[in-house]
Amino acid sequence: MRRGLISWSREEVPAPVLEARVAKVQDRMRAEGLGAVLVYTSFARPGAVAWLTHFVPYWNEALLLVPQSGATVLLAAFSKRMHGWVTGVSHVGEVQPVSQLGRSAAKLIAERVSAAAPVAALELDALPWPVAEPLSAALGPRLVDATALFASIRQPADETEVRLAQRAVGIAAKALDAVPPGPERASQVLAAIERSARLDGAEEVVPRIAPDLAKGTALLRAEGEMPLGERHALELSVAYKGTWARAARCFAAQEPPSWSKARRWLAEWATQITSVSPPPPPGNIAFWSLEACIGGEPWSVVASAIGPRGTVAAGTLASFSIQLQLADGPWLGAGTVVVGGERPGRLLA
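Residues numbered from 1 in each chain as written. Predicted model: local features only at pLDDT ≥ 70, side-chain atom pairs only at ≥ 80, totals over all residues. Heavy atoms only, no water.

## Quick word on the domain arrangement of the protein
Spelled out, the test is: An automatic or database domain assignment supplies the start and end points of every domain. Contacts are residue-level and defined by heavy atoms, with any inter-residue pair within 4.5 Å sufficient. Two parts placed together each lose some accessible area under a 1.4 Å probe, and the buried area is that loss summed for both. Only one rule defines a salt bridge in this text: a Lys or Arg side-chain nitrogen within 4 Å of an Asp or Glu carboxyl oxygen. Strands are runs of DSSP state E lasting at least two residues, helices are runs of H or I lasting at least four, and both sets are numbered from the N terminus onward.
What the domain assignment reports for the protein is domain 1 (15-153) and domain 2 (159-348). The centre of domain 1, based on its C-alpha atoms, is set 32 Å off from the matching centre of domain 2. Counting from both sides, the interface comprises 16 residues of domain 1 and, opposite them, 12 residues of domain 2. In total, domain 1 and domain 2 occlude about 920 Å² of area from one another, counting both sides; carbon and sulfur atoms represent 58% of this. Where domain 1 packs against domain 2, one counts zero salt bridges. Mapped by element, the contributors of at least two residues to the side of domain 1 that touches domain 2 are helix H1 (15-32), helix H2 (47-53) and helix H6 (147-154).

## Observations concerning the pairing of strand E2 (residues 61-67)
Heads up, the rule is: Type-normalised accessible area, obtained with a 1.4 Å probe on protein chains alone, sets the label of each residue: buried when under 20%, exposed when over 50%, and partly exposed for intermediate values. When DSSP locates at least two bridges between a pair of strands, those strands are taken to pair.
A large share of E2 lies buried, amounting to six of its seven residues. Across four bridges, the pairing between E2 and strand E3 (residues 73-76) is antiparallel. In the sheet register, Ala-62 faces E3, and the bridge partner there is Ala-76. Linking E2 to E3, which pair antiparallel, is a turn of five residues; within it Gly-70 sits at a positive phi near 95°.

## Digging into the pattern of salt bridges
A side chain with one charge may pair with a side chain of the opposite charge, provided their charged atoms come close. Scanning the model with the defined rule gives 17 salt bridges in all. A salt bridge links Glu-225 to Arg-185, with the nearest nitrogen and oxygen atoms 3.4 Å apart. Here Arg-185 lies in the loop between helix H7 (159-177) and helix H8 (186-199) and Glu-225 lies in the loop between strand E7 (204-210) and strand E8 (231-240), a separation of 40 residues in the sequence. According to the relative accessible area criterion, Glu-225 is partly exposed, its value standing at 45%. One connected set of salt bridges, linked through shared partners, spans Arg-208, Glu-235, Arg-246 and Glu-291.

## Looking at the sheet that holds strand E5 (residues 119-121)
This is how it is decided: Each axis is a line fitted through C-alpha atoms, and for a helix only the stretch in contact is used; angles between axes span 0 to 180 degrees, taken between their N-to-C directions.
In spatial order, the strands read E4-E3-E2-E1-E5-E6; together these six strands make up an open sheet with mixed pairing. Edge strands, defined here as strands with exactly one partner in the open sheet, are strand E4 (94-97) and strand E6 (143-145). The sheet shows a mean angle of 25° between the axes of neighbouring strands, taken without regard to direction.

## A short note on the nonpolar core
Convention followed: Side-chain atoms within 4.5 Å are what join buried Ala, Val, Leu, Ile, Met, Phe, Trp, Tyr and Cys residues into a set we call a nonpolar core.
If you look at the biggest cluster of nonpolar residues, it comprises 35 residues, and the most contacted ones within it are Ile-193, Leu-234, Leu-236, Val-238 and Leu-348. Within the residue set of this core, elements represented by two or more residues are H1, H7, H8, E7, E8 and strand E9 (243-252). Per-element tally for this core: the top contributor is H7, with nine residues. Setting aside residues up to four positions removed in sequence, Ile-193 forms contacts with Ala-175, Leu-176, Val-179, Pro-207, Leu-234 and Leu-236. Counting 32 residues, the second largest nonpolar core, distinct from the first, contains Leu-34, Ala-62, Val-92 and Leu-122.

## A short note on the packing of aromatic side chains
Worth spelling out the cut-off: In this scheme Phe, Tyr and Trp rings, the latter by its six-membered ring, pair at centre separations within 6.5 Å, and the angle between planes marks the pair as stacked below 30 degrees, edge-to-face above 60, and tilted otherwise. Here, a charge over a ring is recorded when the distance from Lys NZ or Arg CZ to the ring centre is within 6 Å and its angle to the ring normal is within 35 degrees.
As enumerated under the stated definition, the model contains 10 aromatic pairs in all. Taking the centre distance of 6.1 Å and the plane angle of 85° together, the rings of Phe-55 and Phe-78 count as edge-to-face. Taken as a pair, Phe-55 in the loop between H2 and E2 and Phe-78 in the loop between E3 and helix H3 (83-89) lie far apart in primary sequence, 23 residues in all. Each member of the pair, Phe-55 as well as Phe-78, carries the same accessibility label: buried. A ring pair is formed by Phe-55 and Trp-85, whose centres lie 5.9 Å apart and whose planes are at 65°; its orientation type is edge-to-face. Here Trp-85 lies in helix H3 and Phe-55 lies in the loop between H2 and E2, a separation of 30 residues in the sequence. Under the relative-accessibility criterion, Phe-55 is labelled buried at 0%. Feature note: the residues Phe-55, Tyr-58, Trp-59, Phe-78 and Trp-85 constitute an aromatic cluster, connected by ring pairs. Taking NZ or CZ as reference, Arg-246 lies 4.0 Å from the ring centre of Trp-299, over its face.

Following this line, the structure appears as structure tokens:
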């Protein structure tokens, strides 16, 4: 479950912004003749419902019904005592506490959606079976997939989302700055960033650590104590008001001169990440990827070192990760960027 504060700031995320996002979905629904769209949310897949309604579950699951017109309905698998909290942190037309999402959704569709209209579910193949089975039984061939439809309108990001990402970037940077000098154990690093990020308002903090760059560059979720090598790296993903950002930093007892060159290059490269001719790196690129929220998960890979370039829409809010092999060893970096089109994008740093 999430452990940070989940609240709705109407100044940071105005209701008209959420309504405009729902309207984009409904416009596409009408164009394609859909009677409703269903969007599932859980701790692991909060992205789509959070973008539409600002609702992010601490635990459990919910299903959002977006009708062709009118207000949305959130079916929440929470007890009735949670009703006040759900309505206080989200912008939906109606909240219904239910025990069985799939059956309740099928019943609601029968009551409110034309019997001839198709109903589309985001990431249909990934719906939990207790949710999907009653819907499939009730709707049959009327139940179709909405993944491509949603992805086509999810990006580019609006300025509200970009500002939230900028705030999340600031939380991550401050947390990385809080790492004590010369740590010997992973717990010293993780405790410092957790404390900083939580006190700064992060909803979620997901650190991964490469404890010794001399032995490997794999970023690991710490499941116990780890000794740290002379050079190590930390990647930090932070959620704020339903929006995620990522940053990474390498640490060393004595920082190699090549690291400052890598940082300067990265700041330029990040704004031209999908360019045909990005600036040449100070070493060899071992790996890079660009991830954006286009569905239920906070991030999905939209471009990478082994994939196509130039296919990401201008204005897409994305997180990048990169590994360079420098003359004096490996170096890892990550950050958050607004992808550019004909012009360079914006690095949120």
